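# Examining the three-dimensional arrangement
For reference, the chains in residue letters:
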Amino acid sequence: MIRLTTPITEDQIRQLKVGDEVLLNGRVVLSRDMGHKYMKEQKPEWLRPILENMVIYHCGPVVKKNEDGTWSFVAAGPTTSIREEPYQADVIETYKVRGVIGKGGMGKKTSEGLQKTGAVYLHATGGAGSLLAERCKRVVDVKMLEEFGSPEAFWIIEVEDFPLVVTMDSHGGSLHEIVAQQSQERAKVLTA
Amino acid sequence: MSECVIPTLTSNEVVASKSVLPAGWEPNLKDLKSLDLTLPMLELLRRSTSRLPQDVIDALVKGRDAEEEGSRAFNTLNDMVRNIILADGHVTPLCQDTGTIIVWVRHPFGLSQRAAKQQIRAAVAEATKRSWLRPNCVEALSGKNTGNNMDPFHEGHPAVHFEEWDKPEVEIAVMQKGGGCENVGAQYRLPDAAIGAGRDIKGVRKCIIDAVVKAQGQGCSPGILGVAIGGDRVSSYEKSKEVILRKLGTPNPDPKMDAFEKEITNDLNTLGIGPMGYGGNTTVLGVLVEEMYRHPASFYVSISYMCWSSRRGSITLKTNGEVSFD
């Protein structure tokens, strides 16, 4: 088990390999479909200090507003990452993001982006909304809540021992590619 | 981290004690005009969003126990069981994607569908306010979130299906269908030269295998497949969702289909996709198939993929005032 705390250096990232289990700590920024389109097309400057050497989490949480005006996460598992495939490599490069958390894995373009910038794809257990919300300890801030709505907003949170697996590393390795190839081979046998 | 987690849920008594229905609440089905489905629907949502059906839990545990202890597949299934316990205990959503809310109402003659729909919508809005549901209804092009899960056209969300039946009771079934798994559903038109699928059961089998291989872990495997053979494009897809309401482990009434379901389930679990696509022996928890009728020229195979967190449930309001959940 590898413990990582954001911000993360490129050197730390380059040491990670497919299959490594990671417990992540520190600040994480949530973003999904609307956020990625916005980041690629408009490249807003205000996000640079928020994202540099940080980790993006593909997640649209269920949130609760507390009586004192603060927010809590009620359920917060990963959403399917492949929808961000057209944007992710650009976002990683533009903002020097060191990690992307999601589920289901991503494609070739993102893999190339991970290798070029020095970043990894970290897989969280899909559907484990309650389990993962317990590791989201504090909501620090939220941006674009009005414009995007709560599932799509940029939530900035602090996580503690957030359980992840490296499934795409910065050297071109991808567990998703291996499993896809093997299952395609098996399907050929089954349908022969 | 690799010990077997035992899925012990809160007792039915504790669940009942947290109900939004007032103690001793009884529906009066003799007066359908004044029957209000808002609270029963809200209670159904409270349960469906936080408490996974027992047959699904049993299938997950069976899958976990078939994986090598300490493997990533084993640990992932164990985490799923942990999540089930937490959500039930806290009465919070099992998954942050609380899905598209699909409702089936079966009712006797005399119930106003227009009134029932308003009440169901009110319950969905209230469940959203209580953070039991995420606001999941956005305008298609702008992405603007309505914030309360209400489609202002009263059409798309929540999706409510009505059927008048001969029985005197009212039954409401609900399914919370997540977006990730919805996106990996597929509809095939046979013959399909691209996958070599003809107009027979072998062709249907090829469609199912193709859909699962394409889905990989993206629909949150191990999934539950609803498969409709026949129908038109709409009725076929609709049926493929409705069949997912059937409990895992209950036999298909058609013995031939029952054998097919068992066989294809075993075959799919040799694909090696595993929980969340990490690799492993548990790729699907079950396959539920229904044969329909079709136009002679059209042969559709529609596949709805339900994630492992198959949130569904039903409430039945009986003439003697009894209320039961399943």
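## Details of the overall build of chain B
Counting secondary structure elements, chain B contains nine helices and nine strands. By the compact-globule yardstick of 20 Å for 326 residues, chain B fits well, its C-alpha radius of gyration being 20 Å. Dimensions of chain B along its principal axes, counting C-alpha atoms only, are 55 × 55 × 45 Å. Counting only residues that meet the buried cut, chain B has 49% of its 326 residues in that class. In chain B, once contacts between residues fewer than 6 apart in sequence are set aside, the share between residues at least 24 apart is 76%.

## Some details on the packing of helix 7 (residues 201-215) of chain B against helix 9 (residues 255-268) of chain B
Residues and elements named next belong to chain B. Close contact between helix 7 and helix 9 brings their axes to 11 Å; oriented N to C, the two are set at 35 degrees. Judged by the sense of rotation from one axis to the other, the crossing of helix 7 with helix 9 is right-handed. Here helix 7 contributes Ile201, Arg205, Ile208, Ile209 and Val212 to the contact with helix 9, which in turn contributes Phe260, Ile264 and Leu268. The residue inventory of the contact of helix 7 with helix 9, partitioned by class, reads seven nonpolar, no polar and one charged.

## Some points on the domain arrangement of chain B
It is common to give the size of an interface as the accessible area that goes away when the parts come together. All names here are of chain B. When the domains of chain B are assigned, the result is domain 1 (26-51 + 94-178 + 311-325) and domain 2 (180-306). Across the boundary between the two partners, domain 1 contributes eight residues, which contact seven residues of domain 2. Breaking the side of domain 1 that touches domain 2 down by element, the ones donating at least two residues are strand 1 (100-107) and strand 3 (170-177). Per-element accounting of the side of domain 1 that touches domain 2 gives the leading share, three residues, to strand 3.

## Some remarks on the sheet that holds strand 8 (residues 311-317) of chain B
Residue and element names in this part refer to chain B. Read from one edge to the other, the open sheet built from five strands follows the order 2-1-3-8-9, with strand pairing classed as mixed. Of all the strands in the sheet, the pair left with one neighbour each is strand 2 (159-164) and strand 9 (323-325). Averaged over all adjacent pairs, the angle separating strand axes in this sheet is 15 degrees, with direction ignored. Where strand 3 lies against strand 8, seven bridges are found, and the strand directions are antiparallel. The residue bridging valine 170 from the neighbouring strand is leucine 317, located in strand 8.

## A closer look at the environment of Asp151(B)
Note that Asp151(B) resides in the loop between helix 5 (113-129) and strand 2. Between the C-alpha atom of Asp151(B) and that of Asn136(B), which follows or precedes it by 15 residues, the distance is 9.9 Å.

## Re the interface of chain B and chain A
In this assembly, 44 residues from chain B lie in contact with 40 residues from chain A. Elements supplying a minimum of two residues to the side of chain B that touches chain A: helix 4 (72-90), helix 6 (179-183) and helix 7 of chain B. In terms of residue count, helix 4 of chain B provides more of the side of chain B that touches chain A than any other element does, nine residues in total. A breakdown of the residues in the side of chain B that touches chain A according to their chemical character gives 17 nonpolar, 20 polar and seven charged.

## Topic: the pairing of strand 2 (residues 21-30) of chain A
Residues and elements named next belong to chain A. Here strand 1 (residues 2-5) runs beside strand 2; their pairing, made up of four bridges, is parallel. In the sheet register, leucine 4 faces strand 2, and the bridge partner there is leucine 24. Of the strand pairs in this sheet, strand 2 and strand 9 (residues 154-168) are connected by eight bridges, and their pairing is antiparallel. Within strand 9, the position partnered with leucine 23 by the bridge is proline 163. The pairing of strand 2 with strand 3 (residues 55-57) spans three bridges and is parallel. Residue valine 29 lies in a different strand from strand 3, and its bridge partner there is isoleucine 56.

Rules used in this analysis
Residues numbered from 1 in each chain as written. Chains lettered and ligands numbered in written order. Predicted model: local features only at pLDDT ≥ 70, side-chain atom pairs only at ≥ 80, totals over all residues. Helix = DSSP H or I, 4+ residues; strand = E, 2+ residues; numbered from the N terminus. Rg over C-alpha atoms; globule rule 2.2 N^0.38 Å. Buried ≥ 20, exposed ≤ 12 C-beta atoms within 10 Å, placed from the backbone. Contact = placed C-beta atoms within 7 Å. Axes fitted to C-alpha atoms, helices over the stretch in contact; angles between N-to-C directions. Left-handed = near helix turned anticlockwise from the far one by under 90°. Nonpolar A, V, L, I, M, F, W, Y, C, P; charged D, E, K, R; others polar. Domains from an automatic or database assignment. Pairing = 2+ DSSP bridges.

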